[in-house]
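So the chains spell out like this:
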Amino acid sequence: MNFEKLVDRLGSIDYSNLYHEDFFHTWDKTQEEIEAVFLVADSLRYLREQNISTKIFDSGLGISLFRDNSTRTRFSFSSACNMLGLEIQDLDEGKSQIAHGETVKETSNMISFMADVIGIRDDMYIGKGYTYMKDVSSYVKEGYDDGVLEQRPTIVNLQCDIDHPTQTMADMLHIIHEFGGAENLKGKKIAMTWAYSPSYGKPLSVPQGIIGLMTRFGMDVVLAHPEGYEVMLEVEEIAKKNAEKYGGKFTKTNSMEEAFKDADIVYPKSWAPFAAMEKRTELYGDGKFDEIDVLEQELLEQNASHKDWACTEELMKTTKDGKALYLHCLPADITGLSCEDGEVDESVFDRYRVPLYKEASFKPYIIAAMIFLQKMKNAEEALKELKEEAKPRLKK
């Protein structure tokens, strides 16, 4: 990577609205704002690889709140905060006063006295996660406006019920590097396909995030799933509009084979049907937990009728030159390794293991770039200053 070219390009585009702003969905951001995140992510990676400190904070907290289990995103957020000089503090709701009736407004302010960023993952229930993030955002703004907080912590969506921006942008930057630049992606076919999983209730935010972002790069984006596994219609509409605006395609099919045929990139990933997730959320709100158990069994049986939806060696041979780039947000359900039948053959997964790990490695930098742009009004000058100071990250 050429650091000077990255920074010069950053200085030539408008990313000003990212300053002191939250990052909820990729489709809320302009094309130049999305590019700015990529440019800063690559710049921060370059500096770290050159053993140059990227700390822009001398003190402060990054607050993490994970309402669902996480490995990659949890550690990526911690790494990003640490990279910029923030200490991480995890909000464990079970150990807080939330269990005793503390309101979201009160919690938001109490954790934010010295916080610069709050990362939230809340993807379990349709209509709940994104709403919660917006509430936290409004409450910390109110606290700042009232003079309670010395600074307004910005929010980073670490996955909600609608989008997973840190994941999909890490995926996109991986693709950009693999294909030698965003300018080389026009017309490339990416198959975002459902795949069988022996587990239940995987979020829709990854497939929705993929079709909402990849359609901005002139790509041929195909969404494939069995009948009954639809995603949110409003996100499909975003994908359609993006395809029209940026000269790409967005199509749907109920055939995994059709989606894989001549694809340059494949992303076989299980998710739960949107309608079922809506029903689950309603039952949860009504406290009907026995009915939720019944629903889960029904969905597991429904999944089991589509075991043929799997990324096999035979299917991979039908992709472009038989060498499509295989993507997954991880962990994957690997046939013969982590389960009897799953999303992907063990041989396919093992062949792409190194690229998959590289794909995941972009996430800390993407999150750090989001925070950097939220806090630095003149990001290119801040990056130049870090390079000129050349303070070693590790004293050798």
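See the structure shown above.
Residues numbered from 1 in each chain as written. Predicted model: local features only at pLDDT ≥ 70, side-chain atom pairs only at ≥ 80, totals over all residues. Heavy atoms only, no water.

Colleague: Which parts of the structure should I look at to understand the sheet that holds strand 4 (residues 154-160)?
Modeller: Pairing between the strands of a sheet comes from backbone hydrogen bonds, and it takes one of two forms, parallel or antiparallel. As summarised here, the arrangement of the 4 strands in space is 2-1-3-4, forming an open sheet in which the pairing is parallel. The open sheet has two edge strands, strand 2 (87-90) and strand 4, and neither has a second partner. Averaged over all neighbouring strand pairs, the angle between strand axes comes to 20 degrees, with direction disregarded. As paired strands, strand 1 (residues 61-66) and strand 2 are joined by 4 bridges and run parallel to one another. Of the residues in strand 2, the one forming a bridge with Ile63 is Gln89. Packed on one face of the sheet, helix 3 (residues 72-84) meets strand 1, strand 2, strand 3 (115-122) and strand 4 and runs near 175 degrees to strand 1. (Pairing = 2+ DSSP bridges. Helix = DSSP H or I, 4+ residues; strand = E, 2+ residues; numbered from the N terminus. Axes fitted to C-alpha atoms, helices over the stretch in contact; angles between N-to-C directions. Contact = heavy atoms within 4.5 Å.)

Colleague: What is the right way to look at the sheet that holds strand 5 (residues 189-193) in this model?
Modeller: An order of 7-6-5-8-9 is seen for the 5 strands of this open sheet, with the pairing classed as parallel. Two strands lie at the open edges of the sheet, namely strand 7 (249-253) and strand 9 (325-326), each paired on one side alone. Direction of pairing for strand 6 (residues 220-224) relative to strand 7: parallel, over a ladder of 5 bridges. Bridge pairing links Leu223 to Lys252 in strand 7. Lying on the sheet, helix 7 (residues 205-214) is in contact with strand 5, strand 6, strand 7 and strand 8 (265-268); it crosses strand 5 at an angle near 160 degrees.

Colleague: I tried to follow the packing of aromatic side chains on my own but got confused; where do I start?
Modeller: Any aromatic ring pair is given by two values, namely how distant the centres are and how the planes are angled relative to each other. Overall, the coordinates contain 8 aromatic pairs when judged by the stated rule. Ring geometry for Phe24 against Tyr130: centres 5.6 Å apart, planes inclined by 80 degrees, an arrangement best described as edge-to-face. Separated by 106 residues along the polypeptide, Phe24 in the loop between helix 1 (3-11) and helix 2 (31-49) and Tyr130 in helix 5 (residues 129-145) bring together distant segments of the chain. Under the relative-accessibility criterion, Phe24 is labelled buried at 6%. When the ring of Tyr284 is compared with that of Phe289, the centres are 6.0 Å apart and the planes differ by 75 degrees; the resulting orientation is edge-to-face. Accessibility expressed as a relative area gives 39% for Tyr284, which makes it partly exposed. Residue Phe289 is classed as partly exposed on the basis of its relative accessible area, which comes to 46%. Here the aromatic cluster, defined as three or more aromatic residues joined through ring pairs, consists of Tyr125, Tyr284 and Phe289. One residue, Arg74, lies across the ring of Phe66, its end atom 4.5 Å from the ring centre. (Phe/Tyr/Trp six-rings, centres within 6.5 Å; stacked < 30°, edge-to-face > 60°. Buried < 20%, exposed > 50% of the residue type's maximum accessible area, 1.4 Å probe, protein only. Lys NZ or Arg CZ within 6 Å of the ring centre and 35° of its normal.)

Colleague: Explain the packing of helix 2 against helix 6 (residues 165-178) to me, please; I cannot follow it from the model alone.
Modeller: Between helix 2 and helix 6, whose axes approach to 11 Å, the crossing angle comes to 70 degrees. As the angle between them shows, helix 2 and helix 6 are arranged roughly perpendicular. Where helix 2 approaches helix 6, its residues Ile34, Val37, Phe38, Ala41 and Asp42 are matched on the opposing element by Met169, Met172, Leu173, Ile176 and His177. Class assignment of the residues belonging to the contact of helix 2 with helix 6 gives a composition of 8 nonpolar, 1 polar and 1 charged. (Parallel < 35°, antiparallel > 145°, perpendicular 65-115°, else oblique. Nonpolar A, V, L, I, M, F, W, Y, C, P; charged D, E, K, R; others polar.)

Any functional reading would require information that these geometric values do not contain.
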